[in-house]
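# Structural overview
Below are the chains, spelled out letter by letter.
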Amino acid sequence: MKLFELGGQDGQSVANAALRNEVVNQMRLETRIFEFLEWYQMSGSADTPKKASTETGGDERTINADFAGVTGAPALGSVALKILGDKIVTDKAYERRYISIGSERLSELRSFSRGLARHFVNRFVNGDTVDAKQFDGLKKRCTGVRLTSVDGGADGFQVVLGNSDTAVKSQQKFIKALGSMINRVNPTILVMNGDVIAYIEEIEKQFVRLDNIDGVTELALTRYKNIPVINAGRAKDDATLVIGLNETKGANVDCTSIYAVKTGERLDTTLATNVGLVVDDLGLVGTQYITNVELDVDMEILSAYGAQRMEGVRLA
């Protein structure tokens, strides 16, 4: 299910569907990622969703001999819900100063919701349970076979624009590595920095197009080889890049990463929740009108190539 398809009702407060719809729609307007992430519902605080089976068959035998056989055993993921959200407060004094409380709360809530969407994307990529309040994001989870690089460069790989032999060769190696990652993962989305998107658009013009997402948002969406491309954008401060150009790979500190993510409901890269996004209108508390927004969430990658990170990309 998509986040906006979940009811968001926890039975603990009077529902305010209008406010919740406003929060959800503003989050969708801020980032296209919510059109593609898949959520599954669970009860309790923890869950152990089954990972994809990895048993492999194939052997030979002689007459009157049996196959050695493959013994299967399920592998389980681990989910422990965290609480992501915040609250927005509006002082009642604005009513006395000729500003409608309704319109002021709505204006603030829209800005707040867009910041919350950016914060979620930041945690989806960079979350780290070193902070017990966070869940592990893609960067933390993409290790081992989920981690790749261009041309195996220990110090990263520089992609050069231009038409010199050196530039063209670097572009070809980059596009080849990106294509290989796409073939391994068969991703639902590609997540990257806006500068990397610009490089790909320049190098592979014939494979990049701009579409509209059907639905209430009618948003423009970049696709590369028909795969939606998500600009990770900026964190909630609207300044810090979610995927920066200052990652370290070997001796170089000017690198960035690209993530290929295959989403599913209890499949591949999945997000767990209970009721989804809850929006409580707490009304006037003391001197302030309070709106509380929160989401119980964790993520897990349930298959070997449910996501993959290409690290060490350097833009010349």
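About the cut-offs
Residues numbered from 1 in each chain as written. Predicted model: local features only at pLDDT ≥ 70, side-chain atom pairs only at ≥ 80, totals over all residues. Heavy atoms only, no water. Salt bridge = Lys/Arg side-chain N within 4 Å of Asp/Glu carboxyl O. Helix = DSSP H or I, 4+ residues; strand = E, 2+ residues; numbered from the N terminus. Expected span 1.5 Å × (residues − 1). Buried < 20%, exposed > 50% of the residue type's maximum accessible area, 1.4 Å probe, protein only. Contact = heavy atoms within 4.5 Å. Axes fitted to C-alpha atoms, helices over the stretch in contact; angles between N-to-C directions. Parallel < 35°, antiparallel > 145°, perpendicular 65-115°, else oblique. Left-handed = near helix turned anticlockwise from the far one by under 90°. Nonpolar A, V, L, I, M, F, W, Y, C, P; charged D, E, K, R; others polar. Core = buried A, V, L, I, M, F, W, Y, C linked by side-chain atoms within 4.5 Å.

## Digging into the pattern of salt bridges
Taken as a whole, this structure holds 21 salt bridges when the rule is applied. Between E202 and K205 there is a salt bridge, with its nearest N and O atoms 3.0 Å apart. Three or more residues joined by partner-sharing salt bridges are found here, namely E30, R114, R118, R234 and D238.

## Brief notes about helix α1 (residues 17–30)
Along its 14 residues, α1 runs 20 Å from first to last C-alpha, staying within 8% of the 20 Å computed at 1.5 Å per residue. Of the positions making up α1, those classed as buried are L19, R20, E22, V23, V24, Q26, M27 and R28. Where the residues of α1 are buried, they touch α3 (101–126), β14 (277–285) and β15 (288–301).

## Some remarks on the packing of helix α5 (residues 165–185) against helix α6 (residues 194–203)
Packed helix pairs are specified by the crossing angle of their axes together with the interaxial distance, meaning the distance between the axes. Packing of α5 against α6 leaves a shortest axis separation of 11 Å and a crossing angle of 110°. Classed by the angle they form, the pair α5 and α6 counts as roughly perpendicular. Each of Q171, F174, I175 and L178 in α5 lies in contact with α6, whose residues at this interface are V196, I200 and I203.

## Here we look at the packing of α1 against α3
Two elements in contact, α1 and α3, have axes whose closest approach is 8 Å; the angle formed by their N-to-C orientations is 50°. Regarding the angle of α1 to α3, the classification is oblique. Considering only the axes of α1 and α3, their crossing is right-handed. Of the residues in α3, those in contact with L19, E22, V23, Q26, M27, L29 and E30 of α1 are L106, L109, R110, S113, R114, L116, A117 and R118. Considering only residue class, the contact of α1 with α3 consists of eight nonpolar, two polar and five charged.

## What to know about the nonpolar core
Within the largest apolar cluster, 42 residues are counted, with the highest numbers of intra-cluster contacts made by W39, F120, F124, V191 and L277. Of all the elements in the fold, those that place two or more residues in this core are α1, β4 (82–91), α3, β7 (189–192), β12 (252–261), β14 and β15. Apart from the residues within four sequence positions on either side, F120 is in contact with F34, L37, W39, L84, F135, L271 and V297. The next biggest cluster of nonpolar side chains, apart from the first, holds 25 residues, and it includes I182, L190, V196 and I200.

The analysis is restricted to geometry; functional conclusions fall outside its scope.
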